[in-house]
Protein chains: 2
Amino acid sequence: MKHTISALVKNRPGVLAESSTAFHNNSINITSISCGETENMEVSRMVICAEGSDEDIAKVTKDLQAMDFVIKLDDLARKEFVDRELVLIKVDVNKDSMSQIMQIFEVFRADVVGMGQKTITVELSGDQERVEGLIKILHPFGIKSMCRTGMIALKRGDE
Amino acid sequence: MKHTISALVKNRPGVLAESSTAFHNNSINITSISCGETENMEVSRMVICAEGSDEDIAKVTKDLQAMDFVIKLDDLARKEFVDRELVLIKVDVNKDSMSQIMQIFEVFRADVVGMGQKTITVELSGDQERVEGLIKILHPFGIKSMCRTGMIALKRGDE
């Protein structure tokens, strides 16, 4: 089962190494990770999407909570949150496919960020379904390269 | 000095743990990381922003290249690339500050994704300067919480 874990961690060397080792030791595969600064320079927020049984995820959550650099941990499956992901896609284009591809971009409200002789590069942010929808529809045209951030999330409401 | 390293890696357990340990062993602090799937299900792309001397970065690059799961490695400082980052910001709002905050969102073309009684949550994707510009301008209003993806990047042109 897919789980999304959001952790506020102290911004010091080794945090990423120790956290990802905890997942590896519990035989859980991390499918995506996003880690960046927060409103507080000394704190980072890590959002990890991982696949594993509920028991394995519970074990790694316990391991992480015991680590001194972990300030707060949420399993986002259980809470209401806004999730977003960003993707850059470079897709093959020719004079026949051009107008169709541009229409797809318009429907998805994806922004063109680069253009070459044979490819066009587009940016889209949205929830995972929207991002995966665009990837799926562009696939037959030929995706030359692609880069996804992994999911980030904030709780809904004022909290 | 800030470096941005982009790596195509095989999508198997332990990759993140081994990679981040390599940075830690070379005393390099990772400031942000984004890792997600690519156009090929068996391959992930990892973009790591790290701070360290040129020598230390060269050492960790060599360590990474020696790992069997690393397919391709680029130090993006030396190449032309499109970089993007995504941020979610929950900012305090009241009836006096509301119109000013909405004007800022308009200037930055940031999208409102949630609203509470006392806060408003906004999403922005852009290069690091733009993202940091919005954070800086919203700071005086009170940033309640924030989540950044870390940078992702693709080479410019058709390659």
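Remember, predicted model here, so these are calculated numbers, not experimental data.

Novice: Hey, could you run me through the interface of chain B and chain A in this one?
Specialist: The parts lose accessible area when they come together, and the size of an interface is often stated as this lost area. Between chain B and chain A, the contact holds 55 residues from the first and 55 residues from the second. At the boundary of chain B with chain A, total buried surface from both sides reaches about 4,700 Å², with 58% on carbon and sulfur atoms. Run the count over chain B and chain A and you get 4 salt bridges. For Glu123(B), the salt bridge is made with Arg84(A), and the minimal N-O distance between the two is 2.9 Å. Counting only elements with at least two residues in the side of chain B that touches chain A, the list comes to helix H1 (15-25), strand E2 (29-37), strand E3 (43-51), strand E5 (81-92), strand E7 (119-126), strand E8 (143-148) and strand E9 (152-155) of chain B. When residues in the side of chain B that touches chain A are grouped by element, the largest group, 9 residues, is from E2(B). Looking at the side of chain B that touches chain A, its residues break down into 19 nonpolar, 21 polar and 15 charged.

Novice: Any chance you could explain the nonpolar core here in plain terms?
Specialist: A general tendency of soluble globular proteins is for nonpolar side chains to be buried together. By size, the foremost hydrophobic cluster in this structure holds 42 residues, and its most contacted members are Phe23(A), Ile33(A), Met46(A), Phe23(B), Ile33(B) and Met46(B). Setting aside its immediate chain neighbours within four residues, Ile33(B) contacts Leu16(A), Ile33(A), Ser34(A), Cys35(A), Leu16(B), Met46(B), Val47(B), Ile48(B) and Thr149(B).

Novice: How should I be thinking about the pairing of E2(B) in this particular structure?
Specialist: Consecutive side chains of a regular strand alternate in pointing toward one face of the sheet and then the other. Most of E2(B) sits out of view: 7 of its 9 residues are buried. Here strand E2 (residues 29-37) of chain A pairs with E2(B) via 3 bridges, running antiparallel. From the neighbouring strand, Ile33(A) faces E2(B), where its bridge partner is Cys35(B). When E2(B) meets E3(B), the two strands line up antiparallel, connected through 8 bridges. Directly across from Cys35(B), in E3(B), lies its bridge partner Met46(B). Joining the antiparallel neighbours E2(B) and E3(B) is a turn of 5 residues.

Novice: Hey, could you run me through the pattern of salt bridges in this one?
Specialist: Any two side chains of opposite charge can pair, on the condition that their charged atoms come close. For the structure on display, the rule yields 16 salt bridges over all chains. For the salt bridge of Arg148(A) with Glu132(A), the shortest nitrogen-to-oxygen distance reads 3.1 Å. Of this pair, Arg148(A) sits in strand E8 (residues 143-148) while Glu132(A) sits in helix H4 (residues 128-138); the two residues are 16 residues apart in sequence, bridging distant segments of the chain. The class of Glu132(A) is partly exposed, set by a relative accessible area of 37%. The partner of Lys155(B) in a salt bridge is Glu159(B), with the nearest N and O atoms 3.6 Å apart. One network of salt bridges, in which partners are shared, links Glu37(A), Glu85(B), Glu132(B) and Arg148(B).

Novice: How should the packing of helix H3 (residues 98-108) of chain A against H4(A) be read in this particular structure?
Specialist: How two helices pack is summed up by the angle between their axes together with the distance between the axes. All names here are of chain A. With their axes 11 Å apart at the nearest point, H3 and H4 run at an angle of 170° to one another. As far as their axial angle goes, H4 and H3 are roughly antiparallel. Here H3 contributes Ile104, Phe105 and Phe108 to the contact with H4, which in turn contributes Arg130, Gly133, Leu134, Ile137 and Leu138. Here the residues of the contact of H3 with H4 sort into 6 nonpolar, 1 polar and 1 charged.

Novice: When you look at helix H4 (residues 128-138) of chain B in this model, what are you seeing that I'm missing?
Specialist: Side chains that are three or four residues apart share a direction in an α-helix, a result of its 3.6 residues per turn. All names here are of chain B. By the burial criterion, the buried members of H4 are Val131, Leu134, Ile135 and Leu138. Buried positions in H4, seen along its axis, are confined to an arc of 100° and lie on one side of it. Pointing more than 90 degrees away from the buried face of H4 are the exposed residues Glu129 and Lys136. Tucked inside the fold, the buried residues of H4 contact E5, helix H3 (98-108), E7 and E8.

Novice: What is the right way to read the relation of the copies chain B and chain A from this model?
Specialist: Note on the copies: chain B fits chain A at an RMSD of 0.0 Å, the axial shift is 0.0 Å, and the rotation between them is 180°. One copy is carried onto the other by what is essentially a two-fold rotation axis. Every residue of chain B has its C-alpha some distance from the rotation axis, and the shortest such distance is that of Ser34(B), at 2.3 Å.

Novice: Teacher, can you tell me more about unusual backbone geometry here?
Specialist: If a residue is not glycine, its phi is most likely negative; likewise, a peptide bond is most likely trans. All names here are of chain A. Unusually for a residue other than glycine, Ser27 sits at a positive phi of about 60°. Counting through the fold element by element, Ser27 comes out in the loop between helix H1 (15-25) and E2. You can call Ser27 exposed: its relative accessible area is 63%. The phi dihedral of Arg109 falls on the positive side, at around 50°, and the residue is not glycine. One can find Arg109 in the loop between H3 and strand E6 (111-115). Judged by relative accessible area, which is 66%, Arg109 ranks as exposed.

Scoring rules and cut-offs
- Residues numbered from 1 in each chain as written.
- Chains lettered and ligands numbered in written order.
- Predicted model: local features only at pLDDT ≥ 70, side-chain atom pairs only at ≥ 80, totals over all residues.
- Heavy atoms only, no water.
- Contact = heavy atoms within 4.5 Å.
- Buried area = accessible area lost by both parts, 1.4 Å probe.
- Salt bridge = Lys/Arg side-chain N within 4 Å of Asp/Glu carboxyl O.
- Helix = DSSP H or I, 4+ residues; strand = E, 2+ residues; numbered from the N terminus.
- Nonpolar A, V, L, I, M, F, W, Y, C, P; charged D, E, K, R; others polar.
- Core = buried A, V, L, I, M, F, W, Y, C linked by side-chain atoms within 4.5 Å.
- Buried < 20%, exposed > 50% of the residue type's maximum accessible area, 1.4 Å probe, protein only.
- Pairing = 2+ DSSP bridges.
- Axes fitted to C-alpha atoms, helices over the stretch in contact; angles between N-to-C directions.
- Parallel < 35°, antiparallel > 145°, perpendicular 65-115°, else oblique.
- Arc of directions from axis to C-beta.
- Least-squares fit on C-alpha atoms with pLDDT ≥ 70 in both.

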